[in-house]
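Next come the chains, spelled out residue by residue.
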Amino acid sequence: MAEVLVYVDHVDGAVRKPTLELLTLARRVGEPVAVALGNGAADTAAALAEHGAVKVLTHEAAEYADYLVVPKVDALQAAVEAVSPAAVLVPSSAEGKEIAARLALRIGSGIITDAIDLEAGDEGPVATQSVFAASFTTKSRVSKGTPVITVKPNSAAVEAAPAAGAVEALSVSFSAQATGTKVTARTPRESTGRPELTEAAIVVSGGRGVNGAENFAIIEALADSLGAAVGASRAAVDAGWYPHTNQVGQTGKSVSPQLYIASGISGAIQHRAGMQTSKTIVAINKDAEAPIFELVDYGVVGDLFDVVPALTEEIKSRKG
Amino acid sequence: MSLRIVVTVKYVPDATGDRHFADDLTVDRDDVDGLLSELDEYAVEQALQISENSDDDVEITVLTVGPEDAKDALRKALSMGADKAIHVEDDDLHGTDALGTSLVLAKAVEKAGYDLVISGMASTDGTMGVVPALLAERLGVPQVTLLSEVSVEDGTVKGRRDGDAASEQLEASLPAVVSVTDQSGEARYPSFKGIMAAKKKPVQSWDLSDLDIEAEEVGLEGAYTVVDAAAERPARTAGTIVKDEGEGGKQLAEYLASQKFI
Ligand SMILES: Cc1cc2nc3c(=O)[nH]c(=O)nc-3n(C[C@H](O)[C@H](O)[C@H](O)COP(=O)(O)OP(=O)(O)OC[C@H]3O[C@@H](n4cnc5c(N)ncnc54)[C@H](O)[C@@H]3O)c2cc1C
Ligand SMILES: Nc1ncnc2c1ncn2[C@@H]1O[C@H](COP(=O)(O)O)[C@@H](O)[C@H]1O
């Protein structure tokens, strides 16, 4: 069976969930061979083997942290040359898309970004994408070269599928471009203890209606009662009430949880773009005409300052 | 010293319009009004700010690859304050993918001459966010992308990139390709004076032969990907809407429990 390269997104050896989802999709198209780079690369092997990686190619070098994007492209290109895979899958983060694009150009291949599903097809992998703010679904494929496809988080279930996961050192020589953009400082994002926005099964978001940074505490309390991640509309982020890393929408994160709860959010097209594919959508808004109600499975027309705390209390008492 | 900035801007169908596909499964650009992609306004804004904060002689050229109407996007950028514009237009460009677009932009940028290219973070129609990285790869210059803060001094570009896991400070020597996010600062509105001045600013038109690009390298034929099908997402089935008369929170909890979320 043909091999499929899977680019591993990890933090010091801890594999992030979207990579495990990629392994599920990769197994539909071939045998997953993972590529893990940078500090802790070899520590990813156990988790990757558990989820189906037959091989884990690793390479550690300071360049991966000290310079932007290009060292990773060099390494992935080395892996493509070593393996001659049937496809290359990369998680659809901002960086993942940039790595994938430059790789595709170098190896003379087409690229598909932000796939939400992947199937084997007669003429290579077929990717499903959601476009125009999720109002259309397309099926595409790469027609030239080795398909390079980036896949959004929450596109597949994580499945255990134990495989050998044999670690092999990848040999990489960095290109002249590798050291072009220096990372002179890095401030890691502080963990909130809540689930990762793009990976969460439930997302609770607040918008302009929340009316102040301090009021986001009621959104957080609802999120915590459900074990959910917290999101925000751009209006709330621009007002400085919540960090940009939590913005949901076209220029923020796109989320596809089992349940999305929007409070005080009108449902502008750019917000929809980031949440419209959620399985179940719930909204609380005092304006019965708000466009968000066109999307909902369940909506409450009311003041979020009444409804949200009451909901949180009720959830807590039901959970005991 | 002089600094030549090229800002790449895209003309896109209005996101609030009813966007759809044409019969050949390319984006239908006829039925929906187009405009300068809002995310590229941020790129124009940063170019203007770099110019205003610089002691050098700064020349800002806006560049678009697109159909006849794409001139509107150039005019808007010129009225914001850019100095001149280049429009790459050719019938053979219809259906060009990101790889092809980056080829055309790279050739045009090289022909125009540049020290710094500034792009938006993503186009609002394709939303791939890959063209700036592709452009840097093709030009063989540093990629300093997705910046929420940018400055240029003494031949060096610096900026802040807010990633998922960390916020990073970046630095590279010019020439370089930069892209800026919508966190980089609100774009200005064109003034009346700016709009009048823009009418007199030069707009050059180039076609593929001006850039030594063969028709087969771009367009639908040159594309590296094919769209086999496009279907409108089925409308969501109308949900239940209740009015809160004191029980809204409880009713919602009941619904969530019925769906096994609690
Ligand atoms: C290029 C571009 C990219 C963009 N990207 C994004 C993006 O990524 N994400 C994003 O979210 N937006 C984005 N936007 C902005 C988007 O167009 C909207 O402006 C934004 O989503 C509005 O946020 P909102 O719904 O919180 O605010 P509003 O539209 O002002 O809505 C607030 C809602 O709260 C309700 N409300 C007020 N008080 C209460 C109360 N006490 N109880 C209950 N309800 C109440 C109101 O009825 C109203 O419906 C983008 C725009 C552009 C042009
Ligand atoms: N046809 C085009 N003409 C000029 N610039 C473009 C074009 N397509 C993309 N760009 C630039 O590349 C950025 C990212 O676009 P994309 O990768 O298509 O999301 C945009 O914000 C523009 O700055």
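Residues numbered from 1 in each chain as written. Chains lettered and ligands numbered in written order. Predicted model: local features only at pLDDT ≥ 70, side-chain atom pairs only at ≥ 80, totals over all residues. Heavy atoms only, no water.

### Comments concerning the site of ligand 1
Taken together, 27 residues lie near ligand 1, and R208, S233, S266, Q270 and N285 of chain A sit nearest. Looking at the residues close to ligand 1, they fall on chains A and B. Between an oxygen atom of ligand 1 and a side-chain N or O atom of H271 of chain A, the distance comes to 2.8 Å. At a separation of 3.1 Å, a nitrogen atom of ligand 1 approaches a polar backbone atom of K286 of chain A. The protein chains hide 82% of the 990 Å² of surface that ligand 1 would expose on its own. Of all elements in the fold, only α7 (234-238), α8 (269-272) and α9 (304-319) of chain A together with α1 (38-52) of chain B reach the threshold of two or more residues within the shell around ligand 1. (Near = heavy atom within 4 Å. Polar contact = N/O pair within 3.5 Å; in protein donor to acceptor, adjacent residues only side chain to side chain. Areas by Shrake-Rupley, 256 points an atom, 1.4 Å probe, with all protein chains shown as cover. Helix = DSSP H or I, 4+ residues; strand = E, 2+ residues; numbered from the N terminus.)

### Comments concerning α1 of chain B
For an α-helix, 3.6 residues make a turn, and residues three or four places apart therefore share a direction. Residues and elements named next belong to chain B. Its 15 residues place the ends of α1 21 Å apart at the C-alpha level, agreeing with the 21 Å of an ideal helix rising 1.5 Å per residue. Within α1, 11 of the 15 residues are buried, leaving the element largely enclosed by the surrounding structure. If you check which residues of α1 are buried, you get L39, D40, E41, Y42, A43, V44, E45, Q46, A47, L48 and I50. (Expected span 1.5 Å × (residues − 1). Buried < 20%, exposed > 50% of the residue type's maximum accessible area, 1.4 Å probe, protein only.)

### A short note on the interface of chain A and chain B
Contact with chain A, which involves 84 residues of that partner, is made by 75 residues of chain B. Interface area for chain A against chain B, summed over the two sides, is near 6,900 Å², with a carbon-plus-sulfur share of 57%. Broken down residue by residue, the surface that chain A buries against chain B is led by L105, F132 and Y298 of chain A, which jointly contribute 11%. Across the pair E186 of chain B and R234 of chain A runs a salt bridge, and its minimum N-O distance is 3.8 Å. Counting across the interface, chain A meets chain B through 42 residue pairs in polar contact (both at pLDDT 80 or more). (Contact = heavy atoms within 4.5 Å. Buried area = accessible area lost by both parts, 1.4 Å probe. Salt bridge = Lys/Arg side-chain N within 4 Å of Asp/Glu carboxyl O.)

### What to know about the UniProt feature "domain: Electron transfer flavoprotein alpha/beta-subunit N-terminal" (unreviewed entry) in chain B
When the UniProt feature table is mapped to this numbering, "domain: Electron transfer flavoprotein alpha/beta-subunit N-terminal" (unreviewed entry) covers residues 24-215 of chain B. This span, residues 24-215 of chain B, is 29% helix and 30% strand, and a straight line between its end C-alpha atoms measures 18 Å. (UniProt positions renumbered as here; feature names shortened; annotations may be inferred.)

### Concerning the sheet that holds strand β1 (residues 2-8) of chain B
One key point about sheets: their strands pair by backbone hydrogen bonds, in either a parallel or an antiparallel sense. With mixed pairing, 10 strands are arranged side by side in an open sheet as β12(A)-β9(B)-β8(B)-β7(B)-β10(B)-β6(B)-β1(B)-β4(B)-β5(B)-β11(B). Unpaired on one side and paired on the other, β12 (182-188) of chain A together with β11 (203-206) of chain B mark the two borders of the sheet. Between one strand and the next, the sheet's axes are offset by a mean angle of 30°, whatever the strand orientation. The sheet contact formed by strand β8 (residues 156-162) of chain B and strand β9 (residues 166-173) of chain B spans 7 bridges and is antiparallel. Bridged to D162 of chain B within β9 of chain B is S167 of chain B. Where helix α2 (residues 71-80) of chain B meets the sheet, its contacts fall on β4 (57-65), β5 (84-88) and β11 of chain B, and the angle it forms with β5 of chain B comes to roughly 165°. (Pairing = 2+ DSSP bridges. Axes fitted to C-alpha atoms, helices over the stretch in contact; angles between N-to-C directions.)

### Overview of the environment of Q49 of chain B
By secondary structure assignment, the location of Q49 of chain B is in helix α1. The sequence separation of Q49 of chain B and E38 of chain B amounts to 11 residues, and the corresponding C-alpha distance is 17 Å.

### Regarding the site of ligand 2
All names here are of chain B. For ligand 2, the set of nearby residues contains 19 residues, the closest of which are T8, D40, V65, S123 and G129. A distance of 2.8 Å is found between a nitrogen atom of ligand 2 and a backbone nitrogen or oxygen belonging to V65. At 2.9 Å, a backbone N or O of V131 approaches an oxygen atom of ligand 2. Summarising the interface, the protein chains cover 96% of the accessible area of ligand 2, which totals 490 Å² for the free molecule. Breaking the shell around ligand 2 down by element, the ones donating at least two residues are β4, α3 (98-112), β6 (116-120) and α4 (131-139). Sorting elements by how many residues they give to the shell around ligand 2 places β4 first, with 3 residues.

### So, the sheet that holds strand β16 (residues 280-285) of chain A
If you walk across this open sheet you meet the 6 strands as β14(A)-β13(A)-β15(A)-β16(A)-β17(A)-β13(B), and the pairing is parallel. The sheet terminates laterally at β14 (229-232) of chain A together with β13 (240-243) of chain B, the two strands that pair on one side only. Averaged over neighbouring strand pairs, the angle between their axes works out to 15° when direction is ignored. Pairing geometry for β16 of chain A and strand β17 (residues 298-301) of chain A, over 4 bridges, is parallel. Residue pairing in the sheet places A283 of chain A in a bridge with G299 of chain A of β17 of chain A. On the sheet, helix α6 (residues 216-226) of chain A packs against β13 (202-206), β14 and β15 (259-263) of chain A and is oriented at approximately 170° with respect to β13 of chain A.

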